[in-house]
Amino acid sequence: MLYRLNSLFLRALICLALVTLAGPANSIELGPVKLHGFLNQVYLNTTGNNYLGDTIEGSWDYREAGINLFYRPTRPSYLAVQFIHKDIGSYAPNEQDIKLDYGVFGYQMSIDSYNEVALRIGEMKISQGFYSDALDVPVNRPSILLPQVMYYDYTRNNFFSFRGFSLGLKNSSTKGDIEATLYHGISTVSDEDIYQYLLNYLSLPGVMITGKTIEQKRHRPTQINLVYTTSDMRWKMGALYRWANNAGTTITAETNIGPISLVNNTPHTNDLVFSIEHYRKRLTLTAEYYTHHSSSDLPLSNSLGQSLYSTKDSTATEGYYLQGQYRFHDDWTGLLRTGTYKLPKNQNQNTHRSVVAGITWEPLANLLIRSEYHLIEGTALVNRSDNPDPSTHEKYW
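Presented here is an overview of the structure given in this document. Small disclaimer: the values here were computed from a predicted structure and weren't measured.

1. Describing the nonpolar core
Okay, so step 1: Formed by 34 residues in total, the largest nonpolar core has its most connected members in Tyr-51, Leu-52, Tyr-62, Tyr-151 and Tyr-341.
Okay, so step 2: A total of three residues in this core trace back to one element, the largest contributor, which is strand β4 (residues 77-88).
Okay, so step 3: Among the nonpolar cores identified, the runner-up in size contains six residues, and Val-189, Ile-194, Tyr-195 and Ile-251 belong to it.

Okay, here's the thing in structure tokens:
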């Protein structure tokens, strides 16, 4: 019965998305409520390693549909809700799954002609950089896949979704706008998402997982964002710092060699991100850098208590990219991007370097057609959920 209801909800979601796409500006108005929708179908083909599904042979198993509602009961307050469906290979493989992407109550108030305060409460996306709010709306992304060195599709739900509040202050002057935002809440990462995140440690040679139980202690992130935009809108600069304490997950996996237990304790993590963007009439240049530090205790053992893997130390990862977009015509935009991701030096295959070239064509106001080519060196972002045997991972793909 639950499956049939979810299937009906999915069909209703797709129908609503199609209706909004047929309207002006991808939206329709139902009295005081505004509806926006989107549909996205992607074809992925890779050599050497699978990515977001079985892509070596080519895969159409990447699709998204969403509908969002915006309602303003009074001038300073609003309600915003988005429901989303994802079917993306092994990352989001449930074709009948529909979930709440965000649901917030917001209140904006002008203190004077120069300062404004904004409060949001509910389930929302925590900012990671310039593209965090565009993760689940394809038209807002610069490319099919966002820079994976910062916006890693396999684990983005682990870090970007939370339930809590944000409090922002915006100051406007003749020199530009400065925005400061404080976030705090509790992670809403699902058991399946955290399992996919830790699957690399459970995927041992010759081991087949037949079942699992998961217990997690959710982390409580706190974050501070600063963004400055010049008055002519040509420069945008941002910085954020995020920290979280006392997260932990215990996974007991049933396998062909007996039970395997994985205990991941992360007493402390912190993230630092710097972003800068320069905008001209036809050219946009974007660069972002982030570093992630964590102290962790991650023992992996079998049913006899024998250690299969163990780490207890402080690690640091970092990623950065430089991206250029050039608008050849109102309907055509080209993209070129290079990026690097580095794991701790004590891990094998600890880097990922990529060069991406892409083109976007917008033949209609409600239609985008994109194509892009990725040239990659390194296996740091090769996920074992799609590539279970590390000995088959290819460095150049």
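2. Regarding the environment of Ser-261
Okay, so step 1: Mapped onto the fold, Ser-261 is located in strand β12 (residues 258-279).
Okay, so step 2: For Ser-261, a relative accessible area of 27% translates into the label partly exposed.
Okay, so step 3: Each C-alpha atom, one on Ser-261 and one on Thr-213, is 9.8 Å from the other, the two residues being 48 residues apart in sequence.

3. A few points about unusual backbone geometry
Okay, so step 1: With phi around 55°, Leu-52 is a residue other than glycine that occupies positive phi space.
Okay, so step 2: Mapped onto the secondary structure, Leu-52 falls in the loop between β2 (33-41) and β3 (62-71).
Okay, so step 3: Phi angles above zero are rare outside glycine, and Met-233 is one such case at about 65°.
Okay, so step 4: Among the secondary structure elements, Met-233 is positioned in the loop between β10 (222-230) and β11 (235-255).
Okay, so step 5: Met-233 gets classed as exposed once you look at its relative accessible area, which sits at 55%.

4. Quick look at the environment of Ala-180
Okay, so step 1: Within the secondary structure, Ala-180 is located in strand β8 (residues 176-187).
Okay, so step 2: Owing to a relative accessible area of 29%, Ala-180 belongs among the partly exposed residues under this scheme.
Okay, so step 3: When the C-alpha atoms of Ala-180 and Lys-170 are compared, they prove to be 6.5 Å apart, with ten residues separating the residues in sequence.
Okay, so step 4: Aside from chain neighbours lying at most four places away, what touches Ala-180 is Leu-167, Gly-168, Leu-169, Asn-225 and Leu-226.

Conventions we followed
- Residues numbered from 1 in each chain as written.
- Predicted model: local features only at pLDDT ≥ 70, side-chain atom pairs only at ≥ 80, totals over all residues.
- Heavy atoms only, no water.
- Core = buried A, V, L, I, M, F, W, Y, C linked by side-chain atoms within 4.5 Å.
- Buried < 20%, exposed > 50% of the residue type's maximum accessible area, 1.4 Å probe, protein only.
- Helix = DSSP H or I, 4+ residues; strand = E, 2+ residues; numbered from the N terminus.
- Contact = heavy atoms within 4.5 Å.

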